[in-house]
Structures are given as structure tokens and as C-alpha cells.
Amino acid sequence: MSEQTAILAGGCFWCLEPVFSQLQGVKRVISGYIGGQTLNPTYKQVCNGDTGHAEAIRIDYDPEQIAFEALLEIFFVAHDPTTPNRQGHDIGTQYRSAVFCQNETQRQAVQDMIVRLDQQRLWPDPIVTQINGADTFYPAEDYHQYYYINNQRQPYCMAVARPKIDKVRAHYAARIKDDIGY
């Protein structure tokens, strides 16, 4: 089977990109913007909240090595899916929790997982993750790509991204690549 794509938004892409880059079966992760009305948005425009876009990552993965459902489960562990338009101190629609489904199979998988996780009551509040259809994904500016690996000592990366990386490593140790570099 050929590579497939998942597009996930769960707060700052600087935090989500390293979480998924470390997983076996993930071929590449691209940080970018999706779900808004502005063509070719810039980081500044998206941060101002004027475009309607979410910060997101596009994951190209090998479904024979990691299933979409596994990516979804890790996505829900890596961020707080119960806070609308916010992740921690990052507030605004650009930080919303959303999945941009590439097909009906993905849409059904997201719906099923949200029902299951809500029934398990992993969080005190219900999941508010948006389930959207495919939309135009705009890669972010070059300096945002693999931001964490290039800026591991940056205070935001140390305080916000690193705990998410460590949390996923602790829960999914068998899925982590050997040669990730962080």
C-alpha cells in the first residue's frame, strides 16, 4: 500500500511535529495552515487570527507500519482535545483541535474514536475536536519546518513541546524510531 496522509491540528505545530516525527512509519511531517479563507497565509496573518486557519501538521505515513487509528490515538494523548480554540497559554482559533479527514474512512475513524474516548472519560470535559473534510493545506514558512529539532533549547520548546514528546514516548515506547535525534 502506498503512503497516506493525515492532517491534524492540536495547538502549536512546533509541538505536534516532533511528537509525530519520532514515530515508526511516519515518513515526513510538514507544519502548515489549513481550514481558513486566506490564500497562501503567512504565520503573522494566522497568528493574528484573521485568516480562519489552524496551525496543523500534514503527516505522510506508511499504513502498513502505523495505522491511521494509531496516529489518532497518539494525537488525542498529545494534546488537550477538550478546550475550544486553545492549548495551554496558546489561545485563538488557530490553536483549535481539528482533524481534516482525507476520506470517509478517516471521518468514521475520528467519530468512532471520539465516542470511545468520551465514554472512557479520560478528561473531565467532552472532546471538542472538529471533524472537517479535506481542505487546502499551506506549508508554513521554512523556519517552522522541524522547528523543535533545530531549536530544542528555545524556552517554549523546552517548556511545552518537550513534555508532549516525553509523554508520547512513555505511552508508546515501542513505536519510537531509533535514530530520531532528540
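Structure's up top.
For clarity, every value in this text was computed on a predicted model and none was experimentally measured.

(A) The packing of aromatic side chains, seen in detail. Using the criterion set out here, one finds 6 aromatic pairs in the structure. A centroid spacing of 3.8 Å and a plane angle of 5 degrees characterise the contact between Trp14 and Tyr147, whose relative ring orientation is stacked. You can see Trp14 sitting in helix H1 (residues 13-21) and its partner Tyr147 sitting in helix H5 (residues 147-150), a full 133 residues away along the chain. The pair Trp14 / Tyr147 is uniform in exposure class, with both members buried.

(B) Expanded view of the nonpolar core. Grouped together as the largest cluster of nonpolar side chains are 49 residues, with contacts concentrated most on Phe20, Leu23, Ile59, Leu71 and Leu72. The leading source of residues in this core is helix H3 (residues 68-78), at 9 residues. Sequence-distant contacts of Phe20, defined by excluding residues within four places in its chain, comprise Leu8, Val26, Val29, Ile57, Ile59, Leu71, Ile74 and Phe75. Residues Ala9, Ala54, Ala56 and Phe137 belong to the second largest nonpolar core, which totals 9 residues.

(C) Inspection of the environment of Ala98 at higher detail. For Ala98, the location among the structural elements is in strand S6 (residues 97-100). Taking the relative accessible area as the measure of exposure, Ala98 reaches 0% and is therefore buried. Sequence separation between Ala98 and Tyr147 is 49 residues, and the spatial gap between their C-alpha atoms is 21 Å. Beyond its immediate chain neighbours, meaning those up to four positions away, Ala98 contacts Ile7, Leu8, Ala9, Phe75, Thr129, Gln130 and Asn132.

(D) Main features of the sheet that holds strand S3 (residues 54-61). Taken in spatial order, the 6 strands make up an open sheet running S7-S6-S1-S3-S2-S8, and their pairing is mixed. In the strand order of this sheet, the two ends are held by strand S7 (130-132) and strand S8 (137-139), each with one partner. The mean inter-strand angle of the sheet, taken between neighbouring strand axes irrespective of direction, is 35 degrees. Inspection of the sheet shows S6 paired to S7 by 3 bridges, in the parallel sense.

Calculation criteria
- Residues numbered from 1 in each chain as written.
- Predicted model: local features only at pLDDT ≥ 70, side-chain atom pairs only at ≥ 80, totals over all residues.
- Heavy atoms only, no water.
- Phe/Tyr/Trp six-rings, centres within 6.5 Å; stacked < 30°, edge-to-face > 60°.
- Helix = DSSP H or I, 4+ residues; strand = E, 2+ residues; numbered from the N terminus.
- Buried < 20%, exposed > 50% of the residue type's maximum accessible area, 1.4 Å probe, protein only.
- Core = buried A, V, L, I, M, F, W, Y, C linked by side-chain atoms within 4.5 Å.
- Contact = heavy atoms within 4.5 Å.
- Pairing = 2+ DSSP bridges.
- Axes fitted to C-alpha atoms, helices over the stretch in contact; angles between N-to-C directions.

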